[in-house]
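# Tertiary structure, described
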Amino acid sequence: MRRAFSIVIISLACLGVKAQDAHFSQFYSNPLYLAPSFAGSTLGTRLVLNYRDQWPSVPGTFINSSFSVDHYFSNIKSGMGLYFNLNEMGGGKMTTIHVGYQYSYKIQVTHDFFVQPGLSAYFYNRNTNYSKLNFADQFFGDEFLGTTSEILPKQSVSHVDFAVSTLGYSDNYWFGFNIDHLLSLSPVLNKDMEYSDLRFSLFGGVKIITKRYFARYKNNETVHLAFNIRNQSKVNQLDIGGYYYKRPVMVGVWYRGIPIGNKYSNSDALIFMAGLKYGNFTFNYSYDMTMGELIATTGGSHEVSIVYTFNSGNNSRRRYRAVPCPEF
């Protein structure tokens, strides 16, 4: 299995297939990865840590880790953030790194509706460790022969890239879009395999108050529903679902996949989520139950997110409002 995995990775690289970006099931708990418009969306300071282990039962793990920090500057109506993402494929055979700066600006359209455009500039690096890869011509049956005659692409690729987004929201709903890998819009760079294909995301959601408390120190019971549609390299993906929150517990279920109307029709996974939110601290765990033919072989996926917010200015919150997204 490891040999087959290595051959697949390098074959895709040699054939000039552009890789898709990594994804998080808890997109709602990784706001700066979703779009730069979410920088400063808590009207305070926020720290976010995400970790995803995909298909642990398949030899050659897929690990995706990210960290972000963002802050809202009320005097200039702007949010700024720093984001770091590390994706390891095949147990370190291939790694990608994103390190970026994100900026958003808050525009009050009406008394209770706001628009928040955003911009991201980041450094991208992809590295392939050929010493950990095996190729078809290195084997004669089950015998390993050693040296390969393959002409290998660059071991390391680095460049800068950009993303733009827009977010609109009120007290109880939010929606927006993000366009990433803007350099691929260049007719020249679009044909360069070092640059990823354009990624377009459309997202939104609603917060529904199911039980309202007027007593001090009690939070309303709420249901959060959200969706995220992505398109990249002619592949479409939909995440949709929600969770119920009653302090301090959150439980939810999500679905990922587009079973019809997609070039690569699929029902990818059912995602079960449970979490705790107490004060400024939020912890979420989710498990992806793989659907289809791979249900018994992948081991699903495990994902953890930790969010901590502080320095949320009460005056700014009353005047500008925080985005009502799930855990944003």
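A brief structural summary. (Residues numbered from 1 in each chain as written. Predicted model: local features only at pLDDT ≥ 70, side-chain atom pairs only at ≥ 80, totals over all residues. Heavy atoms only, no water.)

## Describing the overall build of the chain
Stated formally: Helix and strand definitions here come from DSSP, where helices need a minimum of 4 consecutive H or I residues and strands a minimum of 2 consecutive E residues; each element is numbered from the N-terminal end. Burial classes follow relative accessibility: with a 1.4 Å probe on protein chains only, a residue under 20% of its type's maximum area counts as buried, one over 50% as exposed, and anything between as partly exposed. Throughout, a residue-residue contact means that at least one pair of heavy atoms, one from each residue, lies within 4.5 Å. Here the accessible surface of atoms and residues is derived via Shrake-Rupley with a 1.4 Å probe, and residues count as covered only by protein chains that are part of the display.
Per the secondary structure count, the chain includes three helices and 17 strands. Looking at the chain residue by residue over its 328 residues, the buried ones come to 45%. Within the chain, contacts between residues at least 6 apart in sequence are counted, and of these 58% link residues at least 24 apart. For the chain, the computed accessible surface area is about 16,000 Å², with 63% contributed by carbon and sulfur atoms.

## Describing the packing of aromatic side chains
Each aromatic ring pair is specified by the distance between its two centres and by the angle formed by the two planes. Put simply, the rule reads: Paired rings are identified among Phe, Tyr and Trp, the last through its six-membered ring, by centres lying within 6.5 Å, and are further divided according to the angle between planes into stacked (under 30 degrees), edge-to-face (over 60) and tilted (the rest). Two conditions define a charge sitting above a ring: the NZ of Lys or the CZ of Arg must be within 6 Å of the ring centre, and it must be within 35 degrees of the ring normal.
For the structure on display, the rule yields 15 aromatic pairs. With a centroid separation of 5.4 Å and an interplanar angle of 80 degrees, the aromatic rings of Phe24 and Tyr33 are classed as edge-to-face. On the numbers, 5.6 Å between centres and 35 degrees between planes, the contact of Tyr308 with Phe310 is tilted. Relative accessible area serves as the criterion here: at 27%, Phe310 is assigned to the partly exposed category. A cation over a ring is seen here: Lys106 above Tyr72, with NZ or CZ 5.4 Å from the ring centre. A cation over an aromatic ring shows up here: Lys106 above the ring of Phe114, its NZ or CZ 6.0 Å from the ring centre.

## Here's the deal with the nonpolar core
Across soluble globular proteins, nonpolar side chains show a tendency to be buried alongside one another. Counted only if it meets this: Nonpolar cores are built from buried Ala, Val, Leu, Ile, Met, Phe, Trp, Tyr and Cys residues. Side-chain atoms within 4.5 Å join them into one set.
Grouped together as the largest cluster of nonpolar side chains are 17 residues, with contacts concentrated most on Phe27, Phe38, Leu167, Trp174, Phe203, Tyr243 and Trp254. Looking at this core, the elements that each hand over two or more residues are strand E9 (156–169), strand E13 (235–246), strand E14 (249–258) and strand E15 (266–278).

## Remarks on the side chain of Arg46
Heads up, the rule is: Polar contacts, as counted here, are pairs of nitrogen or oxygen atoms within 3.5 Å of one another; within protein the pair requires one atom able to donate a hydrogen and one able to accept it, and residues that are adjacent in sequence qualify only if both atoms are side-chain atoms.
On the secondary structure map, Arg46 appears in strand E1 (residues 45–54). A distance of 2.8 Å separates the side chain of Arg46 from the side chain of Asp70, its partner in a polar contact.

## A look at the pattern of salt bridges
What counts, and what does not: One side-chain nitrogen of Lys or Arg within 4 Å of one carboxyl oxygen of Asp or Glu is enough to make a salt bridge.
Applying the stated rule across the entire model yields nine salt bridges. Of the charged contacts in the structure, one is a salt bridge between Asp70 and Arg46, with a shortest N-O distance of 2.8 Å. With Asp70 in strand E2 (residues 62–73) and Arg46 in strand E1, this residue pair connects regions lying 24 residues apart in the sequence. The pair formed by Asp70 and Arg46 is uniform in burial state, with each residue classed as buried.

## A few points about the environment of Leu294
Position of Leu294 among the secondary structure elements: in the loop between strand E16 (281–290) and strand E17 (301–310). A sequence separation of 26 residues divides Leu294 from Asp268, and the C-alpha atoms of the two residues are 9.5 Å apart.

## A closer look at the pairing of E16
The test is simple: Pairs of strands are assigned from DSSP output, requiring at least two bridges between the strands.
What you see with E16 is a clean split: Thr282, Asn284, Ser286, Asp288 and Thr290 sit on the buried side and Phe281, Phe283, Tyr285, Tyr287 and Met289 on the side with no burial. The pairing of E16 with E17 spans eight bridges and is classified as antiparallel. Paired with Asn284 across the two strands is Ser305, which belongs to E17.

## Some details on unusual backbone geometry
Geometrically, the link from Arg247 to Pro248 is a cis peptide bond, its omega value of 5 degrees lying close to zero. By the secondary structure assignment, Pro248 is in the loop between E13 and E14. In this structure, Lys77 is a non-glycine residue whose phi angle is positive, near 50 degrees. When you line up the elements, Lys77 lands in the loop between E2 and strand E3 (78–89). Looking at Lys77, the relative accessible area reads 31%, which means it is partly exposed.

## Re the side chain of Ser165
Looking at the secondary structure, you find Ser165 in strand E9. At 2.7 Å, the side chain of Ser165 forms a polar contact with the side chain of Ser37.

## Some thoughts on the environment of Thr297
Of note, Thr297 is situated in the loop between E16 and E17. Since its relative accessible area comes to 45%, Thr297 is described here as partly exposed. Each C-alpha atom, one on Thr297 and one on Pro56, is 9.4 Å from the other, the two residues being 241 residues apart in sequence. Contacts of Thr297, omitting those with residues within four sequence positions, involve Ser57 and Val58.

## Some points on the pairing of E2
Bridge count between E1 and E2: ten bridges; the pairing is antiparallel. Paired with Gln54 across the strands is Phe62, a residue of E2. When E2 meets E3, the two strands line up antiparallel, connected through twelve bridges. From the neighbouring strand, Ser66 faces E3, where its bridge partner is Asn85. Here E2 hands over to E3 after four residues, with Lys77 in that stretch at a positive phi of 50 degrees.

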